[in-house]
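A structural walkthrough
Listed here are the chains, written in short residue letters.
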Amino acid sequence: MKRMSVALVVAGLLSVAIPGGAVHAAPEAKSLDSVVKAIKKQFAKQSGVRFSVKRRGGPPPIRGMKASGAYRFRASGVYAADTTTITQDPEGTGRYRGISIGRDFYSQAYVRSKDGEYVWKSPSAVGKWEAGRNFAGVVWGEDLINGINPGFLKLVASHGATSADGGTFEGVRTTLHSGTVTVPVLSERQAGMTFGTEEEYGTWSGPITWKLWVGPDDLPRRFHAIMRFTPQHGGGEVETMTMNIIYRGWGTPVRITAPPKHLVVSFW
């Protein structure tokens, strides 16, 4: 794939950055316990949530993007996801849609110029899908920098999270949890921005300054993070990324299905 921002999505299918080992930290902030419990309760109910994401900045080749979609849960966490991502590329607007259900993954993508011409598309026929299995990069994991990831919430809680009145968000009274954690690895894969707890050669590291607004039910409504990508071992400039995620429709039925078989034209 020749377009970087859209191609990066597909490249991320084969990448994975799973945290290994524990980060030495301060005692856990108990105020986030109820949030983790509320999220896991939704997992147990096998319900879902809708989300929207905006990202700005970051080191090359990462670009700003907008995405929206839905997650469907099972007891262990996110089981299925349907995400549409929009990027602004030099040649035009990139659109990427990915559907993951368990180990199965389906995708379609294109870049379209301002004149409406398709600069690039995959598969070659618009409306068709590519499919594959067992791509580590698309699977939900404990390494994701996301306000509904219990693994991330436990990490930041262990580094001294604070709580305060968060005001009203979309008509709901909220509590604001916030803090900063510095991690040895900052990276990206198809499922989202990721962290690692053990240093890896040639990767970015740096602080994550985060805020999480939760409702009276302790379920996240908004997550905001500023990540400062710092080159390891000196050299290079520090790059800053801002990410904002909105969560809506907790507990509402979420139906995520595979594309019709006759529209799937190739398998990876």
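Residues numbered from 1 in each chain as written. Predicted model: local features only at pLDDT ≥ 70, side-chain atom pairs only at ≥ 80, totals over all residues. Heavy atoms only, no water.

Topic: the overall build of the protein chain
Quick note on the threshold: A run of H or I in DSSP counts as a helix once it spans at least four residues, and a run of E counts as a strand once it spans at least two, with each numbered from the N terminus. For every residue, the accessible area obtained with a 1.4 Å probe (protein chains only) is divided by the maximum for its type, and the residue is called buried under 20%, exposed over 50%, and partly exposed between those limits. Computed with a 1.4 Å probe, the accessible areas rest on the Shrake-Rupley method; for each residue, only the protein chains presented here act as cover.
The helix and strand tally for the protein chain stands at 3 helices and 14 strands. Relative to its full complement of 268 residues, the protein chain shows a buried share of 50%. Per element, the accessible surface of the protein chain, about 12,800 Å² overall, is 52% carbon and sulfur.

Side note on the packing of aromatic side chains
The line we're drawing: What counts as a ring pair is set by centres within 6.5 Å for rings of Phe, Tyr and Trp (its six-membered ring), and what kind of pair is set by the plane angle: stacked under 30 degrees, edge-to-face over 60, tilted for all other angles. Either the NZ atom of lysine or the CZ atom of arginine qualifies as a charge over a ring when it sits within 6 Å of the ring centre and within 35 degrees of the ring normal.
Enumeration according to the criterion identifies 9 aromatic pairs in this entry. With a centroid separation of 4.3 Å and an interplanar angle of 20°, the aromatic rings of Phe51 and Tyr71 are classed as stacked. Note that Phe51 is positioned in strand β1 (residues 48-57) and Tyr71 in strand β2 (residues 65-74), a separation of 20 residues in sequence. On the accessibility criterion, Tyr71 (8% relative accessible area) is buried. Through successive ring pairs, a cluster of aromatic residues spans Phe43, Phe73, Tyr247 and Trp250. The ring of Trp213 is capped by Arg222, whose NZ or CZ atom sits 4.4 Å from the centre of that ring.

Notes on the packing of helix α2 (residues 33-45) against helix α3 (residues 150-157)
To keep it simple, the criterion reads: Axis lines are fitted through C-alpha atoms, for helices just across the contact stretch, and the angle between N-to-C directions can take any value from 0 to 180 degrees. Should an angle fall under 35 degrees it is called roughly parallel, over 145 degrees roughly antiparallel, and 65 to 115 degrees roughly perpendicular, with every other angle called oblique. What makes two residues a contact is simply this: any of their non-hydrogen atoms within 4.5 Å. Just so you know the grouping, Ala, Val, Leu, Ile, Met, Phe, Trp, Tyr, Cys and Pro go in nonpolar, Asp, Glu, Lys and Arg go in charged, and all remaining residues, Gly too, go in polar.
Relative orientation of the contacting elements α2 and α3 amounts to 170°, with a least axis distance of 10 Å. In terms of orientation, α2 lies roughly antiparallel with respect to α3. Residues Val35, Val36, Ile39, Lys40 and Phe43 of α2 form the contact with α3, whose participating residues are Pro150, Leu153 and Lys154. A breakdown of the residues in the contact of α2 with α3 according to their chemical character gives 6 nonpolar, no polar and 2 charged.

A few points about the nonpolar core
Condition: Here, the term nonpolar core denotes a set of buried Ala, Val, Leu, Ile, Met, Phe, Trp, Tyr and Cys residues that are joined through side-chain atoms within 4.5 Å.
One finds Tyr71, Ile145, Ile148, Ile208, Phe223, Met227 and Met243 to be the most contacted residues of the largest nonpolar core, which totals 44 residues. Grouped together as the second largest cluster of nonpolar side chains are 10 residues, Ile99, Tyr106, Trp129 and Val254 included.

A look at the environment of Pro184
Relative to the elements of secondary structure, Pro184 occurs in strand β9 (residues 172-189). The spacing of Pro184 and Trp204 is 20 residues in sequence and 7.5 Å in space, taken between C-alpha atoms.

A word on α3
The line we're drawing: Polar contacts, as counted here, are pairs of nitrogen or oxygen atoms within 3.5 Å of one another; within protein the pair requires one atom able to donate a hydrogen and one able to accept it, and residues that are adjacent in sequence qualify only if both atoms are side-chain atoms.
Counting buried residues in α3 gives 7 out of 8 residues, a clear majority hidden from the surface. Every buried residue of α3 is listed here: Pro150, Gly151, Phe152, Leu153, Leu155, Val156 and Ala157. Those residues of α3 that are buried are in contact with α2, β9, β10 (192-196), β11 (204-214) and β12 (220-231). Where α3 begins, the capping side chain belongs to Asn149, and its oxygen is found 3.0 Å from the backbone nitrogen of Gly151.

Comments concerning the environment of Leu263
Tracing the sequence through the fold places Leu263 in the loop between β13 (239-248) and β14 (264-267). Beyond its immediate chain neighbours, meaning those up to four positions away, Leu263 contacts Gly127, Lys128 and Trp129.

Let's talk about α2
Rules: Helices are assigned an expected span. That span is 1.5 Å times one less than the residue count. Directions pointing from the helix axis toward each C-beta atom define the arc.
In a regular helix each residue adds 1.5 Å, so 13 residues correspond to 18 Å; α2 covers 19 Å between its end C-alpha atoms and thus fits that length. The set of residues buried in α2 consists of Val35, Val36, Ala38, Ile39, Gln42 and Phe43. Buried residues of α2, seen end-on, are gathered within an arc of 165° and therefore sit on one face of the element. Along α2, exposed side chains directed more than 90 degrees from the buried face belong to Lys37, Lys41, Ala44 and Lys45. Of the surrounding elements, those touching the buried residues of α2 are β2, β3 (77-89), α3, β9, β11 and β12.

What about the pattern of salt bridges?
Here is the rule: Within this document, salt bridges are pairs made up of a side-chain nitrogen of Lys or Arg and a carboxyl oxygen of Asp or Glu, the two lying within 4 Å of each other.
Following the criterion strictly, the structure yields 7 salt bridges and no others. Between Asp82 and Arg97 there is a salt bridge, and its shortest N-O distance comes to 2.7 Å. A residue pair is termed long-range when its members are at least 10 positions apart, and Asp82 in strand β3 and Arg97 in strand β4 (residues 92-101) qualify at 15 residues. Assessed through its relative accessible area of 24%, Arg97 is described here as partly exposed. Salt-bridge contacts for Glu170 lead to Arg248; the nearest nitrogen and oxygen are separated by 2.4 Å. Remark: Arg248 occurs in strand β13 and Glu170 occurs in the loop between β8 (162-169) and β9; sequence separation between them is 78 residues.

Everything listed here is a matter of geometry and, on its own, says nothing about what the molecule does.
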